[in-house]
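The chain contents come next:
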Amino acid sequence: MVTALAPFSSPPNPDEFRLLVWKTVQQIPPGCVSTYGQIARMIPAPGGISGDSYRSLGPRWVGGAMAACPQGVPWQRVVNSQGKISLRGESAVHQKELLEAEGIEFSPAGKIDLQRFGWQKNINKSTLRFPGF
DNA sequence: TCCTTGACTCAGA
DNA sequence: CTCTGAGCCAAGG
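Remember, it's a predicted structure, so these values are computed and weren't measured experimentally.

Engineer: Can you explain the protein's contact with DNA strand B? Please cite residues and give values.
Structural biologist: Inspection of the region around DNA strand B gives 15 residues, with Y36, G37, N80, S81 and R88 positioned closest. At the protein interface, 46% of the atoms of DNA strand B within 4 Å belong to sugar or phosphate. With respect to DNA strand B, the side chain of R60 contributes an N or O atom lying 2.9 Å from a base nitrogen. Here a base nitrogen of DNA strand B sits 3.3 Å away from a polar atom, N or O, in the main chain of M66.

Here you go:
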């Protein structure tokens, strides 16, 4: 079955790619967020896909995978590169509530500071603090 | 068949 | 900070 999602084109092996996305997202700890682009970069480009193509399509494929996210995957911890929620309508509100419940803070403009709450942030920075802690 | 619409990102203005 | 356009591709009205 071809799945009911409609990402911008699909990777060579849609099912396998989505599985990798979900597995990666499951590794995001509570109180942290990641981005579609970051998830994409953590997954190697499928065979036959050039680095350039993957750079522009990857994030969208991740978005497509998230649209069909199964239970048990912290989908709410994935936001766009600007640190803002990409969903619209009710879902967006729900996502914001779930994240706030984990201790994540939003700016007045509805943006998350990825330097503070981003997953695997710069450990080089002298300030070692755990997200949401 | 044409046009719109996606859980994206980046560079500009 | 907000808005636009480009890059990319397919399904549905």
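Engineer: Can you lay out the nonpolar core for me, pointing to particular residues and giving the numbers?
Structural biologist: Most often, soluble globular proteins keep nonpolar side chains buried together rather than apart. Core analysis: the largest hydrophobic core is formed by 18 residues, its most contacted members being F17, V21, V25, I28, I39, V62 and M66. Of all the secondary-structure elements, those providing two or more residues to this core are α1 (14–25), α2 (36–42) and α3 (51–67). Among the elements that make up this core, the one with the highest residue count is α3 (5 residues). If sequence neighbours within four positions are ignored, V62 has contacts with F17, V21, Y36, I39 and A40. Counting 9 residues, the second-largest nonpolar core is a separate cluster that includes V79, I85, I104 and I112.

Reading guide: rules and limits
Residues numbered from 1 in each chain as written. Chains lettered and ligands numbered in written order. Predicted model: local features only at pLDDT ≥ 70, side-chain atom pairs only at ≥ 80, totals over all residues. Heavy atoms only, no water. Near = heavy atom within 4 Å. Polar contact = N/O pair within 3.5 Å; in protein donor to acceptor, adjacent residues only side chain to side chain. Core = buried A, V, L, I, M, F, W, Y, C linked by side-chain atoms within 4.5 Å. Buried < 20%, exposed > 50% of the residue type's maximum accessible area, 1.4 Å probe, protein only. Helix = DSSP H or I, 4+ residues; strand = E, 2+ residues; numbered from the N terminus. Contact = heavy atoms within 4.5 Å.

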